[in-house]
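As a plain string of letters, each chain reads:
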Amino acid sequence: MSKAPVNVTVTGAAGQIGYALLFRIASGQLLGADTPVKLRLLEIPQAVKAAEGTAMELDDCAFPLLQGIDIFDDATKAFEGANVGLLVGARPRGKGMERGDLLQANGGIFKPQGEAINAGAADDIRVLVVGNPANTNALIAQSNAPDVPAERFTAMTRLDHNRALTQLAKKLGVSINDIKKLTIWGNHSATQYPDLFNAEVGGGNAAKAVGDQAWLENDFIPTVAKRGAAIIEARGASSAASAANAAIDHVFDWVNGTPEGDWTSAAIPSDGSYGVPEGLISSFPVVSREGKWEIVQGLEIDEFSRARIDASVNELVEERDTVRKLGLV
Ligand SMILES: NC(=O)c1ccc[n+]([C@@H]2O[C@H](COP(=O)([O-])OP(=O)(O)OC[C@H]3O[C@@H](n4cnc5c(N)ncnc54)[C@H](O)[C@@H]3O)[C@@H](O)[C@H]2O)c1
Ligand SMILES: O=C(O)C[C@H](O)C(=O)O
């Protein structure tokens, strides 16, 4: 018997990540080659026409798994029956905008989207927030969806994870496949902490294999943490195809499980593990089992790592306090 289609709602569908993402979803890469999908695209009214153009192109691909495309400029309708929500559309930081202004502007997007998810999404809804500031936007959406289990709201640090894999592979001259158990901790921002101390290369400890603390501190960590800005500088636009690729990786692993003997990174609501205040949507080492993310427990956190995790988590606490004051959570 053929499987029922999965409803995937994508916000910001006419944006550059949307353009890199939709074709991959429709081809089966988000959920698997045997899972039909229906796309529900949400855009602001001015961008609906562009989303219609993308939908025409999707039609022209004749994807066997794509069972329908609907386009909305109303969040409540777009999230009706959604099984997966990819929240990509966000308000970018404008000139002279302070962090508080940015959080407030995004609150105007993610609060109603959280409410819309609460009102009409399917019982098994899974949400990935890509739009920045992703962790706190996810917190806003989650806080406004009280009937949906908090664990269904996640934010994307998989792009940071993938960036860290490549930087390490290049440094050691090894394949990505040789690297396991790397972790991004904290916020998807320049304070994030890519952790090699618990990572493995060819079965041995990655930090030992590098054997170069100066490279780790002055090269690896800042390169990964500031990669988004470096892409903007080089491309004149923020990362799009790599961000879409990471969103595909995140949801695919969430639904289908992570491989045995490895873990990945995702920002999920903290249960208090590793001293991260409960409820903050912070990046952790995670595995996915039976459709649920689980935080990998029992890792040793030395002083160096502790200070960096704390710095990023403190930034998330500040962001949470700002959106609390604004009445968004
Ligand atoms: N987490 C990550 O790793 C990561 C990586 C790259 C980019 N990003 C972020 O992803 C977001 C999108 O990036 P992009 O390059 O696609 O931007 P973009 O400007 O090309 O597209 C954003 C789209 O969102 C739409 N939009 C705005 N408000 C909306 C709303 N309320 N409802 C629905 N759609 C809305 C816009 O009309 C636009 O089409 C940005 O916030 C960017 O900073 C995150
Ligand atoms: O959009 C950005 O500010 C950068 C983006 O989050 C990225 O990591 O590439």
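For the structure, see preceding data.
Everything numeric here is computed off the predicted structure, so don't read it as measured data.

Basis of the calculations
Residues numbered from 1 in each chain as written. Chains lettered and ligands numbered in written order. Predicted model: local features only at pLDDT ≥ 70, side-chain atom pairs only at ≥ 80, totals over all residues. Heavy atoms only, no water. Pairing = 2+ DSSP bridges. Helix = DSSP H or I, 4+ residues; strand = E, 2+ residues; numbered from the N terminus. Axes fitted to C-alpha atoms, helices over the stretch in contact; angles between N-to-C directions. Parallel < 35°, antiparallel > 145°, perpendicular 65-115°, else oblique. Left-handed = near helix turned anticlockwise from the far one by under 90°. Contact = heavy atoms within 4.5 Å. Buried < 20%, exposed > 50% of the residue type's maximum accessible area, 1.4 Å probe, protein only. Phe/Tyr/Trp six-rings, centres within 6.5 Å; stacked < 30°, edge-to-face > 60°. Lys NZ or Arg CZ within 6 Å of the ring centre and 35° of its normal. Near = heavy atom within 4 Å. Polar contact = N/O pair within 3.5 Å; in protein donor to acceptor, adjacent residues only side chain to side chain. Areas by Shrake-Rupley, 256 points an atom, 1.4 Å probe, with all protein chains shown as cover. Nonpolar A, V, L, I, M, F, W, Y, C, P; charged D, E, K, R; others polar.

Caption draft 1: Up close: the sheet that holds strand 11 (residues 204-205). Ordered in space as 7-10-11, the 3 strands form an open sheet in which the pairing is antiparallel. Every interior strand has two partners, whereas the edge strands, strand 7 (179-180) and strand 11, have only one. Of the strand pairs in this sheet, strand 10 (residues 200-201) and strand 11 are connected by 2 bridges, and their pairing is antiparallel. Residue pairing in the sheet places Glu200 in a bridge with Asn205 of strand 11.

Caption draft 2: View of the packing of helix 5 (residues 134-143) against helix 11 (residues 303-325). At a minimum axis distance of 10 Å, the contact between helix 5 and helix 11 shows a crossing angle of 40 degrees. Comparing the axis directions of helix 5 and helix 11 gives the class oblique. Relative to helix 11, helix 5 is oriented so that their crossing is right-handed. Where helix 5 abuts helix 11, its residues Asn135, Thr136, Leu139 and Ile140 lie against Leu316, Glu319, Arg320 and Val323.

Caption draft 3: Structural detail: the pairing of strand 1 (residues 6-11). Within strand 1, 6 of the 6 residues are buried, leaving the element largely enclosed by the surrounding structure. Here strand 1 shows two buried faces, one formed by Val6, Val8 and Val10 and the other by Asn7, Thr9 and Thr11. When strand 1 meets strand 4 (residues 84-87), the two strands line up parallel, connected through 4 bridges. Bridging from a neighbouring strand, Thr9 pairs with Gly85 of strand 4.

Caption draft 4: Region of the structure containing the packing of aromatic side chains. As enumerated under the stated definition, the model contains 7 aromatic pairs in all. Centre to centre, the rings of Tyr193 and Phe304 are 6.2 Å apart; their planes meet at 70 degrees, and the pair counts as edge-to-face. Of this pair, Tyr193 sits in strand 9 (residues 193-195) while Phe304 is found in helix 11, placing the two residues 111 residues apart along the sequence. Take Phe304: its relative accessible area is 15%, and that puts it in the buried class. Ring centres 5.7 Å apart and planes at 70 degrees place the aromatic pair Phe197 and Phe304 in the edge-to-face group. Linking Phe197 in the loop between strand 9 and strand 10 with Phe304 in helix 11, this pair joins segments that are 107 residues apart in sequence. Through a chain of ring-to-ring contacts, three or more aromatic side chains come together here, namely Trp185, Tyr274 and Phe284. Directly above the aromatic system of Phe304 lies the positively charged group of Arg308, at a separation of 3.7 Å from the ring centroid.

Caption draft 5: Representation of the site of ligand 2. Taken together, Asn132, Arg163, His188, Gly228, Ile232, Ser238 and Ser239 form the complete shell of residues around ligand 2. Contacts to ligand 2 include Asn132, whose side-chain N or O atom sits 2.8 Å from an oxygen atom. One of the side-chain nitrogen or oxygen atoms of Arg163 is found 2.7 Å away from an oxygen atom of ligand 2. When isolated, ligand 2 has an accessible area of 270 Å², and the protein chains bury 73% of it. Taken together, the residues that form the shell around ligand 2 break down as 1 nonpolar, 5 polar and 1 charged.

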